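Summary of the model geometry
Chain by chain, the residues run as shown.
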Amino acid sequence: MSAAPASRPAWLGRTGLASALLLCHVLMSLAARPKGPGHTHLNSIRIDGDISLGGLFPVHARGHDGKACGELKKEKGIHRLEAMLFALDRINNDHSLLPNITLGARILDTCSRDTHALEQSLTFVQALIEKDGSDVKCLGGGAPIIAKPERVVGVIGASASSVSIMVANILRLFKIPQVSYASTAPELSDNTRYDFFSRVVPPDTYQAQAMVDIVKAMNWNYVATVASEGSYGESGVDAFIQKSREDGSVCISQSVKIQREPRPGEFVKIIQRLSDNPNARVVIIFANEDDIRRLLQAAERENKIGHFLWVGSDSWGSKISPVEQQERVAEGAITILPKRQSIRGFDRYFISRTLENNRRNIWFAEFWENNFNCKLSRHPLKKGSGIKKCTNEERIGKDSLYEQEGKVQFVIDAVYAMAHALHNMHQDLCPGRVGLCSRMDPINGTLLLKYIRNINITGIAGNPVLFNENGDAPGRYEIYQYQRRNGSSEYKKIGHWTDHLHLNIQSMQWPGGVQQVPTSICSQPCKPGERKKVVKGMPCCWHCELCDGYQYQHDLTTCKMCRFDLRPNANHTGCQPIPIVKLEWSSPWAVIPVLLAIAGIMATMFVVVTFIRYNDTPIVKASGRELSYVLLTGIFLCYATTFLMISAPDAGICALRRIFLGLGMSISYAAMLTKTNRIYRIFEQGKVSVSAPRFISPASQLVITFSLISVQLLGVCIWFSMDPSEALIDYEDQRTVNPQLARGVLKCDISDLSLILLLGYSMLLMVTCTVYAIKTRGVPETFNEAKPIGFTMYTTCIIWLAFIPIFFGTSQSAEKMYIQTTTLTISVSLSASVSLGLLYMPKVYVVLFHPEQNVPKRTRSLKAVVTAATMSNKFNPKASLRPNGEARTELCHNLETQGDSL
């Protein structure tokens, strides 16, 4: 009998040409095979039942050199396959679950390859494709008999995410629900593309979040990632990178992908590439166990033992095979595994399996040989091979090591989830019926999927089994660390994750027995007073920049300027008040001006007392008593100004400074100006007339003097009305480059410009007086005080000409306050001292030590005195040599007498 290819439905085109060809190939090879109980097909196990479930398991590893399958996988393959058989036995023996309904199975080997799994899984859909036997003819001429394959209503599997993705694309076309026990790729959560896919293990999005939480708990922020090529590895790393970006506290130094078919030396290159960035010691691994083992081997070969800190996904979990003979380089590795529990019932079941009672598993004989390192009689033994012959007396767990594989629990839960969904469906569609009813023949896959998504049962380990709207199970993980103690190695449970991480850091141990957590950070923390300048695109990497000058560290990434009256502290972590300084009485800058002022005041008081004591003597009268007392008052105020300038500024002191700083000088220069003006007018009048000028009497001179002084007072009053005086702290005056040297200066609100205006009027009086002194320089010395006043003004001008460059030239100096205050007070005191010394000390000397010269002379009329003085000046230049100053005394005495008579 020969069979032609079956016809293909039009909708099958969506799977692509390759899938269609594979489907036809499988149908041709399987359609004519007879059906019988327990019959084994090529690379598959078939168990008869009322309802048949499919199973996909990686019984063998991926093949090489063109072979589809490689070596046997004892744990991930046989353990998981037997877990499904164990679950089917329990369900079929449970009269409360699917009563009078037997579950059968068709179990296939995926050989850990997605393309091979796709070809094998087409077996599940052959019953859904209508067979056309019109072109099939028998040799005897009879009608052909085409065996109808069993109908698979649901599939348990697959293991690898890449296999599940490939198979899910086919099963969804035929509306066959699929429940995986190990596939965790995030993309399988896309309910629009994989709507018939569910899983009893959480997706890698939860696992990635758990791994990010682990990295954060260890204070690591700079990691590398390694992924096996394929959906599981690449999707897992993508999920980890996405979660780390959302968190913002973990950065990826580099992401490395292991090719599906690695070339020789590729793993060494990966280790070398990871070593290029020594700060990123933590390596996140989403890879299959074969790639993990070869990666660890390469790390040991490159002498990187203890350098890398491995964080493995559930594909590493607590498996022995990845770390076997790699214990030293794997020490300290943190691995994650969906929360599970060893199923004791399965242990009893599995260790009781023998070649006699487990014939339904067509790969069990191969497992037996591999597990006990022996050969069955069907294989001839070579002499000297060292391999013993199997006796069938070997026992699992007794003659070989046995440890339950980590996903056994989830395989059982997946089978039970499918069984409970069928049970609930049967109760709703066939109430009270024994066995299947017409409404469940055939079973509607879309309706079955609805029942699967709605189950909420307790799994075999006591954990709830349920699905969300995308078919995902809730995230529950256990955290392990691979530790070595006393020469032995083990996976030690160090915590768990259920929405939140719970980690026992104290129980962790690192390479070399170190208890302190190793570091894996991009940049060291910045010192106090430094801000982070984050590298673009790498929030965990930064450069540290010092907050210099008057800046302080506002937060981790920002420096801000201190307020104008504050300066940064020593480490620039905050601001503190700028110290306030003022001129202290004990300062050398104040001592000299104060001593000079005290001496001047004492001298002034001595002159005043002497003048009062000898008030009616000719010398005192001749000096013009009224103006002399006014002038001495101004000199006293000049000296007293020193104490106002050194006193601590406040509103009162500042007001007194405004008043008296210019007032003393104004009084002095107003009096001297009045005197020189009077002399000038007298002698200018004498040139044209013998009559006396107007306003030369003492009373008139006082009126003129006080009129000049009132201008100064009027200006100060206007200043007060426009800008009341106050003390202030100038923080710019001594704001140095080094903030530690910055000082705030307590001073009055008198700017340099205000000071110039304040002293300007006094300067004007001084200059005017100097001009009159120059004009009267030809007057004989014997006539009044023209010459002493002239010398006084010349000297005073020199003093103030020296003051200006010193005062304004030090405006940028750190000692500005001290230099300017001292310069100003000394200049004012020197001006007063010059006036006091040149104008009054000679008179006091004569009064006290030469009283014989202090006698009255004969009196002539003012007219005669002026005429004599003028003529003497014209015809006898040496008249100035006349002793005793007779003419001057006579002139002044005459004027004094005239003033008294007014």
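What counts as what
Residues numbered from 1 in each chain as written. Predicted model: local features only at pLDDT ≥ 70, side-chain atom pairs only at ≥ 80, totals over all residues. Heavy atoms only, no water. Helix = DSSP H or I, 4+ residues; strand = E, 2+ residues; numbered from the N terminus. Buried < 20%, exposed > 50% of the residue type's maximum accessible area, 1.4 Å probe, protein only. Contact = heavy atoms within 4.5 Å. Areas by Shrake-Rupley, 256 points an atom, 1.4 Å probe, with all protein chains shown as cover. Salt bridge = Lys/Arg side-chain N within 4 Å of Asp/Glu carboxyl O. Axes fitted to C-alpha atoms, helices over the stretch in contact; angles between N-to-C directions. Parallel < 35°, antiparallel > 145°, perpendicular 65-115°, else oblique. Nonpolar A, V, L, I, M, F, W, Y, C, P; charged D, E, K, R; others polar. Left-handed = near helix turned anticlockwise from the far one by under 90°. Pairing = 2+ DSSP bridges. 1 Å grid on protein atoms, 1.4 Å probe; cavity = no way out; pocket = protein on both sides within 12 Å on 5 of 7 lines; lining within 4 Å. Points joined across faces, edges and corners; volume = space filled by probe spheres on them. pLDDT = per-residue confidence, 0-100.

The secondary structure content of the protein chain amounts to 24 helices and 30 strands. For the protein chain, the proportion of its 902 residues judged to be buried stands at 52%. Look at the contacts in the protein chain between residues 6 or more apart in sequence, and 69% of them connect residues 24 or more apart. Surface exposure of the protein chain reaches about 41100 Å², of which carbon and sulfur atoms provide 55%.

For the structure on display, the rule yields 19 salt bridges. A salt bridge links Lys 76 to Glu 289, with the nearest nitrogen and oxygen atoms 3.6 Å apart. Of this pair, Lys 76 sits in helix H2 (residues 74–92) while Glu 289 sits in helix H8 (residues 289–301), and the two are 213 residues apart along the sequence. Among the residues examined, Lys 76 registers a relative accessible area of 14% and is labelled buried. What emerges from the salt-bridge pattern is a single network uniting Arg 531, Lys 533 and Glu 545.

The interhelical angle for the contact between helix H16 (residues 625–646) and helix H18 (residues 698–722), taken along N-to-C directions, is 25 degrees, at an axis separation of 9 Å. With respect to H18, the element H16 is oriented roughly parallel. Where H16 approaches H18, its residues Glu 626, Leu 627 and Val 630 are matched on the opposing element by Pro 698, Gln 701, Leu 702, Thr 705, Phe 706 and Ile 709. For the contact of H16 with H18, the class distribution of residues is six nonpolar, two polar and one charged.

With that settled, the discussion passes to the packing of helix H3 (residues 114–121) against helix H4 (residues 161–171). To characterise two packed helices, one gives the angle between the axes of the helices and the distance between these axes. H4 packs onto H3 with a crossing angle of 35 degrees between their chain directions and a minimal axis gap of 8 Å. The two elements H3 and H4 cross, and the hand of that crossing is right-handed. Residue-level inspection shows Asp 114, Ala 117, Leu 118 and Ser 121 of H3 in contact with H4, the latter providing Ser 162, Val 163, Met 166, Val 167 and Ile 170. Among the residues forming the contact of H3 with H4, the class breakdown is six nonpolar, two polar and one charged.

A separate point is the sheet that holds strand E10 (residues 222–228). With mixed pairing, the eight strands of this open sheet are ordered in space as E11-E10-E12-E13-E14-E19-E20-E21. One side of each edge strand has no neighbouring strand; the edge strands of this open sheet are strand E11 (251–258) and strand E21 (500–503). Averaged over all pairs of adjacent strands, the angle between their axes in this sheet comes to 25 degrees, without regard to strand direction. With six bridges joining them, E10 and E11 adopt parallel strand pairing. Within E11, the position partnered with Ser 228 by the bridge is Ile 258. Against the sheet, helix H5 (residues 204–217) engages E10, strand E12 (282–286), strand E13 (309–312), strand E14 (334–338), strand E19 (477–485), strand E20 (488–498) and E21, with an angle of about 170 degrees to E12.

A separate point is the side chain of Ser 762. Among the secondary structure elements, Ser 762 is positioned in helix H19 (residues 752–775). Take Ser 762: its relative accessible area is 0%, and that puts it in the buried class. Ignoring any residue separated from it by four or fewer positions in sequence, one finds Ser 762 in contact with Gly 662, Met 665, Ser 666, Tyr 669 and Gln 712.

Taken as a whole, the largest pocket holds about 990 Å³ of empty space. Around the largest pocket sit 35 residues that line it, and Lys 74, Glu 75, Ile 320, Ser 321 and Glu 324 are the ones nearest its centre. Elements with a minimum of two residues in the lining of the largest pocket: strand E5 (69–72), H2, H8 and helix H11 (364–372). In terms of residues, the lining of the largest pocket owes the most to one element, H2, which gives five residues. Here the lining of the largest pocket is built from residues that sort into nine nonpolar, eleven polar and 15 charged.

Glancing now at the confidence of the model for the protein chain. Here the protein chain shows a mean pLDDT of 83. Residues at 70 or above account for 85%. The least confident element of the protein chain, judged by mean pLDDT, is strand E1 (residues 40–41) at 39; the most confident is strand E8 (residues 178–180) at 97. The model gives residues 872–902 a pLDDT under 50, and that stretch makes 48 contacts with residues more than four places away or in other chains.

Further remarks concern the environment of Val 155. Along the chain, the position of Val 155 falls in strand E7 (residues 152–156). Of the residues examined, Val 155 reaches a relative accessible area of 0% and is grouped as buried.

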